[in-house]
Amino acid sequence: MLRLTVLYDNEACPGLTGSWGFSALIETGTETLLFDTGWDGTLLLKNMEKIGIDPACVNKLVLSHQHWDHIGGLPEILNANSGITVYVPASFSENLKREIRKRAELIEVKESIEISDGIWSTGELGEKIKEQSLVLCTEKGSYVLTGCAHPGIAAILDAALCHGEVKGIIGGLHDDDRFERLEGMELIAAGHCTTHKEKIKELFRTKFMETQAGLKLELTTY
Ligand SMILES: [Zn+2]
Ligand SMILES: [Zn+2]
């Protein structure tokens, strides 16, 4: 079982609130991981409450990159849960890493590492803006979860390929227009900062899904 729930996105399902940023929850059956926090922690916690997720259940928090719309909710999450392990790209600012260490266990990610059973970080990728994405491995293949995809879809997918065929991608795809890299995927759930959302939707109509707060995906069914 691998369930992914979008908690925070520019768009939201009825009853939830949308706001610029991204956050998603991954439930593996044994662990609960939070990926990014959006920018408004109060709003993130409100969306979680409405969806029925207790922040105290989260064991691990993975931050994709050091942009305000992905790490802004960090203090509220750490205030709500004192037993969390936080995984950040090693290039995060020293001051931020020091502050996180005061409240949580901090793991700095440079190379690809396994964060939970079958859930891998790509390691920090990219030149100017370093970012890690997650590779979620299922018996049917793997799914890539991105924050903003600043390193580019090609670099992220190349890094993910060592875990087998990539069946789908979920998250922000920024302004990348190498749409050919999405060919053959069974699920393209794009949102947040994806500039070419309409074009991707048009090209991959039957595989496309818009990420929005409240979207729930059972990854073994795609
Ligand atoms: Zn972003
Ligand atoms: Zn960004």
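In this text, all values refer to a predicted model and were calculated from it rather than measured experimentally. (Residues numbered from 1 in each chain as written. Chains lettered and ligands numbered in written order. Predicted model: local features only at pLDDT ≥ 70, side-chain atom pairs only at ≥ 80, totals over all residues. Heavy atoms only, no water.)

(A) Geometry of the sheet that holds strand β9 (residues 134–138). Pairing in this open sheet of 7 strands is mixed, and the strands run β7-β8-β9-β10-β11-β12-β13 from one edge to the other. Of all the strands in the sheet, just β7 (114–116) and β13 (208–210) have a single pairing partner and so form its edges. Strand after strand, the sheet turns through a mean of 25 degrees between neighbouring axes, direction not considered. Relative to strand β11 (residues 166–172), strand β10 (residues 141–146) is paired through 5 bridges, and the arrangement is parallel. Its bridge partner lying in β11, Ser142 is registered against Val166. Across the sheet, helix α5 (residues 153–160) is in contact with β9, β10 and β11; its angle to β10 comes to roughly 140 degrees. (Pairing = 2+ DSSP bridges. Helix = DSSP H or I, 4+ residues; strand = E, 2+ residues; numbered from the N terminus. Axes fitted to C-alpha atoms, helices over the stretch in contact; angles between N-to-C directions. Contact = heavy atoms within 4.5 Å.)

(B) Broad picture of unusual backbone geometry. You will see that Ala149, though not glycine, has its phi angle at about 60 degrees, which is positive. Tracing the chain through its elements places Ala149 in the loop between β10 and α5.

(C) The environment of Pro14, seen in detail. As for its placement among the helices and strands, Pro14 is situated in the loop between β1 (3–8) and β2 (23–27). With a relative accessible area of 84%, Pro14 lands in the exposed category. Spatially, the C-alpha atoms of Pro14 and Ser82 are 31 Å apart, while their sequence positions differ by 68 residues. (Buried < 20%, exposed > 50% of the residue type's maximum accessible area, 1.4 Å probe, protein only.)

(D) Representation of the coordination of the zinc ion (ligand 1) in the model. Of the protein atoms, only Asp69 (OD), His70 (NE2), Cys148 (SG) and His192 (NE2) coordinate the zinc ion (ligand 1), at distances of 2.1 to 2.3 Å. One can describe the site at the zinc ion (ligand 1) as irregular: its 4 donor atoms subtend angles covering 88 to 154 degrees at the metal. Counting residues between consecutive donors of the zinc ion (ligand 1) along the chain gives the motif D-H-x77-C-x43-H. (Donors = N, O, S within 2.8 Å, 3.2 Å for Na, K, Ca; no water. Tetrahedral: all angles 85-135°; square planar, octahedral: opposite > 155°, others 65-115°.)

(E) Fine view of the pairing of β9. Extensive coverage of β9 is indicated by the burial of 4 of its 5 residues. Where strand β8 (residues 119–121) and β9 come together, 3 bridges link them in antiparallel fashion. Counterpart to Trp120 in the pairing with β9 is Val135. Hairpin connection from β9 to β10: 2 residues lie between these consecutive antiparallel strands.

(F) Structural view of the UniProt feature "domain: Metallo-beta-lactamase" (unreviewed entry) in the protein. Here the UniProt feature "domain: Metallo-beta-lactamase" (unreviewed entry) sits at residues 20–192. Within residues 20–192, the helical portion is 23% and the strand portion 29%, while the C-alpha atoms at the span's ends are 7 Å from each other. (UniProt positions renumbered as here; feature names shortened; annotations may be inferred.)

(G) Seen up close, the coordination of the zinc ion (ligand 2). Surrounding the zinc ion (ligand 2) are the protein donor atoms His65 (NE2), His67 (ND1), Cys148 (SG) and His150 (NE2), which sit 2.1 to 2.7 Å from the metal. In this structure, the zinc ion (ligand 2) is surrounded by 4 donor atoms whose angles at the metal cover 91 to 169 degrees, and the resulting shape is irregular. The sequence motif formed by the donor residues of the zinc ion (ligand 2) is H-x1-H-x80-C-x1-H. Between the two metals, the zinc ion (ligand 2) and the zinc ion (ligand 1), the spacing is 3.6 Å, and Cys148 donates to both. You can see His65 sitting in the loop between β4 (60–62) and α2 (68–71) and its partner Cys148 sitting in the loop between β10 and α5, a full 83 residues away along the chain. The class of His65 is buried, set by a relative accessible area of 0%.

(H) Seen up close, helix α1 (residues 41–51). Turning to α1, its buried residues number three or more, namely Gly41, Leu43, Leu44, Asn47, Met48 and Ile51. Viewed along the axis of α1, the buried residues span an arc of 160 degrees, placing them on a single side of the element. Away from the buried face of α1 by more than 90 degrees, exposed residues Glu49 and Lys50 are located. Here the buried face of α1 lies against β1, β2, α3 (74–80) and β14 (216–218). Put simply, Asp40 is the residue that caps the front of α1, since its side-chain oxygen is 3.0 Å from the backbone nitrogen of Thr42. In the segment just after α1, Gly52 is the residue with positive phi, at about 95 degrees. (Arc of directions from axis to C-beta. Polar contact = N/O pair within 3.5 Å; in protein donor to acceptor, adjacent residues only side chain to side chain.)

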